[in-house]
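Listed below are the residues making up each chain.
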Amino acid sequence: MKSQKQFIYASLLLISGLLFARMVVAQPTHDNHEHHQQHNQHNGGNGEHNRMENPAANARTLPPLPTNLPSWINNKDRNHIYRKRGRYNDDIYKIQSLARDLNAVAVGHAMAYEDLVTGKAHKLETDTFDRINWVLKNPPRFMPDEGNISPTFGRKYGVLEQVFEWTHILHAQTIDVLASPKLTDAQKEAEIERLYQFYVENVPYAITGLPMNMGYLDSQPYSKAFRQKYPKINGLFWGYHWLQGAMYDTLYGKTLEQQRTAYVPVGKRYHEVELYRTDRPFMPMFAELSPRFAARFPHISNVFDNLHMLHDMVNDILASDWMTEKQKEEQIKRAIWMVSAEAHKGKKPGDFDPNDSLHDHRFMPGMPGMGMMPEGLHHGDMHEGHGSHDSNGMQEDKNAPNSENHTGH
Amino acid sequence: MKLIRKQSIASLCAIGLVLLGTANARANDHNNLDAHRPLSFDDAESSGYREQAIKMGASLLLPSGRDVGGELEVEYVYGFARNTHLSVGIEPSIGGRGDTNENGFDFGNVSVGVFHNFNREFNNTPAFSVRADAYLPTGRDASGVDFRLRGIASKMVGQYDRLHVNVDLNVKTEADDEDRSVVPGVILGYSRPLGYPRRFNRTFVAEVGVRASEEKEDGAIVSAGVGVRQQVGYQSVIDLGIQGDLAGGDNERSQLRLVAGYSFSF
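Residues numbered from 1 in each chain as written. Chains lettered and ligands numbered in written order. Predicted model: local features only at pLDDT ≥ 70, side-chain atom pairs only at ≥ 80, totals over all residues. Heavy atoms only, no water.

Attention now moves to the overall build of chain B. Scanning chain B for helices and strands turns up 1 helix and 13 strands. The order of helices and strands in chain B, counted from the N terminus, is α-β-β-β-β-β-β-β-β-β-β-β-β-β. Of all 266 residues assigned to chain B, the portion counted as buried reaches 48%. Carbon and sulfur atoms provide 60% of the accessible area of chain B, an area that totals close to 11,600 Å². (Helix = DSSP H or I, 4+ residues; strand = E, 2+ residues; numbered from the N terminus. Buried < 20%, exposed > 50% of the residue type's maximum accessible area, 1.4 Å probe, protein only. Areas by Shrake-Rupley, 256 points an atom, 1.4 Å probe, with all protein chains shown as cover.)

Moving on, we come to the nonpolar core. Grouped together as the largest cluster of nonpolar side chains are 103 residues, with contacts concentrated most on Ile233(A) and Leu310(A). Residues within four places of Ile233(A) in sequence aside, it is in contact with Ala112(A), Leu124(A), Glu125(A), Thr128(A), Phe129(A), Ile132(A) and Phe226(A). Of all hydrophobic cores here, the second largest spans 5 residues; its members include Leu39(B), Phe41(B), Ile187(B) and Val205(B). (Core = buried A, V, L, I, M, F, W, Y, C linked by side-chain atoms within 4.5 Å. Contact = heavy atoms within 4.5 Å.)

Let us now look at the packing of helix H12 (residues 231–251) of chain A against helix H13 (residues 256–272) of chain A. Residues and elements named next belong to chain A. At a minimum axis distance of 10 Å, the contact between H12 and H13 shows a crossing angle of 160°. Classified by the angle between their axes, H12 and H13 sit roughly antiparallel to one another. Our pair here, H12 against H13, has a crossing hand that is right-handed. Contacts from Gly239, Tyr240, Trp242, Leu243, Thr250 and Leu251 in H12 reach Gln259, Ala262, Tyr263, Val266, Arg269 and Tyr270 in H13. In terms of residue class, the contact of H12 with H13 is made up of 8 nonpolar, 3 polar and 1 charged. (Axes fitted to C-alpha atoms, helices over the stretch in contact; angles between N-to-C directions. Parallel < 35°, antiparallel > 145°, perpendicular 65-115°, else oblique. Left-handed = near helix turned anticlockwise from the far one by under 90°. Nonpolar A, V, L, I, M, F, W, Y, C, P; charged D, E, K, R; others polar.)

Further remarks concern the confidence of the model for chain A. As a note on interpretation, predicted positions should not be read in detail where pLDDT is low. For chain A, mean pLDDT is 80; residues scoring 70 or higher make up 75% of the total. Between residues 403–409 of chain A, whose pLDDT stays under 50, and residues either more than four places distant or in other chains, the model counts 14 contacts. (pLDDT = per-residue confidence, 0-100.)

Quick look at the packing of aromatic side chains now. Each aromatic ring pair is specified by the distance between its two centres and by the angle formed by the two planes. All names here are of chain B. Under the definition given, this model contains 24 aromatic pairs over all chains. Geometrically, the ring pair formed by Tyr190 and Phe204 is edge-to-face, given 6.3 Å between the ring centres and 65° between the ring planes. Taken as a pair, Tyr190 in strand S9 (residues 182–193) and Phe204 in strand S10 (residues 202–212) lie far apart in primary sequence, 14 residues in all. Taking relative accessible area as the criterion, Tyr190 reaches 25% and is therefore assigned partly exposed. (Phe/Tyr/Trp six-rings, centres within 6.5 Å; stacked < 30°, edge-to-face > 60°.)

Residue and element names in this part refer to chain B. In terms of strand pairing, strand S5 (residues 110–119) meets strand S6 (residues 127–136) through 9 bridges, oriented antiparallel. Along S6, the bridge assignment pairs Phe115 with Arg131. Both S6 and strand S7 (residues 146–157) contribute to a ladder of 9 bridges, which runs antiparallel. Residue pairing across strands places Ala132 opposite Leu149, the latter belonging to S7. (Pairing = 2+ DSSP bridges.)

This paragraph deals with the interface of chain B and chain A. Accessible area lost upon the coming together of the parts serves often as the stated size of an interface. Each side of the interface is counted separately: chain B has 32 residues, and chain A has 40 residues. For chain B, the biggest contributors to the area lost against chain A are Arg120(B), Phe200(B) and Tyr234(B); these three give 22% of the whole. Between the two partners, chain B and chain A, sit 1 salt bridge. The salt bridge involving Glu45(B) is made with Arg78(A); its shortest N-O contact spans 3.3 Å. When residues of the side of chain B that touches chain A are traced back to their parent elements, those giving at least two are S5 and strand S11 (220–233) of chain B. Residues that form the side of chain B that touches chain A fall into these classes: 11 nonpolar, 12 polar and 9 charged. (Buried area = accessible area lost by both parts, 1.4 Å probe. Salt bridge = Lys/Arg side-chain N within 4 Å of Asp/Glu carboxyl O.)

Another point: the pattern of salt bridges. What the rule picks out here adds up to 37 salt bridges over all chains. Note that Asp91(A) is salt-bridged to Lys182(A), the shortest N-O span being 3.1 Å. With Asp91(A) in the loop between helix H3 (47–53) and helix H4 (96–117) and Lys182(A) in the loop between helix H8 (158–179) and helix H9 (185–202), the pair connects residues that are 91 residues apart, well separated along the chain. What makes Asp91(A) buried here is its relative accessible area of 5%. Residue class for Lys182(A) comes out partly exposed when judged on its relative accessible area of 40%. In this structure, Arg131(B) and Glu75(B) form a salt bridge, with 3.2 Å as the shortest nitrogen-oxygen distance. In this pair, Arg131(B) is assigned in strand S6 and Glu75(B) in strand S2 (residues 69–81), connecting sequence segments 56 residues apart. Comparing Arg131(B) with Glu75(B), the two get one shared label, buried. Through salt bridges with shared partners, a single network forms among Asp42(B), Glu75(B), Arg131(B), Asp133(B), Arg148(B), Arg150(B) and Asp168(B).

What follows deals with unusual backbone geometry. Between Arg37(B) and Pro38(B) the backbone carries a cis peptide bond, its omega angle lying at 0°. Locating Pro38(B) in the fold gives a position in the loop between helix H1 (2–21) and strand S1 (52–63). A cis geometry characterises the amide bond from Tyr196(B) onward to Pro197(B), with omega recorded as 5°. Mapped onto the secondary structure, Pro197(B) falls in the loop between S9 and S10. Unlike most non-glycine residues, Lys224(A) shows phi in positive territory, near 75°. One can find Lys224(A) in the loop between helix H10 (214–217) and helix H11 (225–229). The phi dihedral of Arg50(B) falls on the positive side, at around 75°, and the residue is not glycine. Assignment of secondary structure puts Arg50(B) in the loop between H1 and S1.

Attention now goes to the pairing of S2(B). Both faces of the sheet carry side chains from a regular strand, because those side chains alternate between them. Residue and element names in this part refer to chain B. Pairing between S1 and S2: 10 bridges, direction antiparallel. If you follow Ile54 over to S2, its bridge partner there is Tyr76. Here S1 hands over to S2 after 5 residues, with Gly65 in that stretch at a positive phi of 75°. Judged from the 3 bridges that link them, S2 and strand S4 (residues 93–95) form a sheet pairing that is antiparallel. What sits directly across from Gly69, in S4, is Gly95. As defined by bridge partners, S2 adjoins strand S3 (residues 84–90) across 6 bridges and the pair is classed as antiparallel. Note that in S3 the partner of Glu75 across the bridge is Gly89.

Right under this line is the structure:
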């Protein structure tokens, strides 16, 4: 009788464990299987390839590197390119508190990456968190060079560092323009477009301005590993992305004095709440945090969302202990390629070929990408007229700082 | 005469201080190390493509048994291609110097150089660069063009310590009879950020170097130095250093050199 009970308990435990593992690891979108098969076809794969490309079918089977990767993805060059010259550069320092918060963000990213690749991952939620948190509370006066804070990470993933660096510069310069008291609103808008052109024309490793399907990007075999293992550090990362998203409408169309005033509550909320949230179902998205800017510059907003998704993908890869170093290097290259401008050359917003998951950027031209978030809630006004998105609609953040500006489309 | 010399040294120092005071131009990276700012070695990083920078400094020269001297260094750097930059510099000096008995004003030779970085540091492979400089005979009593070819390797040792090996070959096209026409040298440089994980704007540098004396009869000259680079503006850095000869040739005076500089990018 006793052994019968033990058998029943053991069976229940086993079944629960299997169900839980399936829920945690797979979490596919409704058409995930189809998407991955289609993506594989895009990369010229065969039937075997298709089976490997489907992360939902086997969470420990990695999709192979596409065969059509450009040479720059393996370059060993430093390739440092100076930012576009402009009289607005560094004007962010006119809003000192925001400038310093952004300086600390650079440190936070770099410290976490360095610890992840130097065998200190087990201290990420404790020592690393405390170290980063100190810097966030005592932000540096000048923008640090992330490459110098994370030299081991840079030696291993130099091209990734370049991808990050260049898009961070686009972030910094667009904010410099918005903060500039020397430019009119019209001049600011024109210069922001010029900055985008400079970005896409001067670096091979630019990120696409198309609205990528976030549900697809976030359903790789390694996806969600980081947020599950390191919720506090992941909260900081998403907190940085919250700030980077929210700051655009905080500054957009305002005078310098208004900008300084507007940043006071935003900065307070960033420091007191957003940095420490561990309950977000998905990373903060641009169009929910800065709807006005995102509506005016959807392509730039998409670049930043795609950059932040790349950060998540890299975090997840580095946090996946079951991968070898070689597999991590390959998957990071693949992740770069998936969000790169070059991979999507010639495509346009609104393109959605059900046979090609890589090119699932189905939002219309002029509309800020909201992604296809598998775990979020439907965001009614942003998706009006786009009923096909309801199963993957974005998370709703009723407390978004700029929600009063949410104009819809 | 002595009064004129003192006035000249004071003028050079004043110019140096004025240059130091032009704060808040643009981030020259305090971690991106250049020769003379403040020590003799370069790291293997080039300036960014399309980046321009002005690097300047003032040195107080204290040669053994000679008058105090001063030197001003000004260099313009332009990243004209990816991983490659051009530099143009002058080094006017006055007063006592270790390598000559002259102590009047000397405009110095104008230098033109090209620096190319072949690769960033990856895995266990150092970053490699080469730098070639030509020194035009614009200085007092100068004749012929001098050249210097410098090979540079930079590599991390440990997490944040970095070593920089510079191998030099100096060539004089019109050397005096008693002088060497080819003067080899090697410098081992070291750099480390100061203040991590709480401060991110300061770098410590040190070096030990050995080079052949310019005079045929003399042996090697061993020198050493320490310094610091500190970011002081969004894109500007000051540097402070001290260099000295530990052992020198018989005919060249050893000297102590105190260096202060300011660099900015734009």
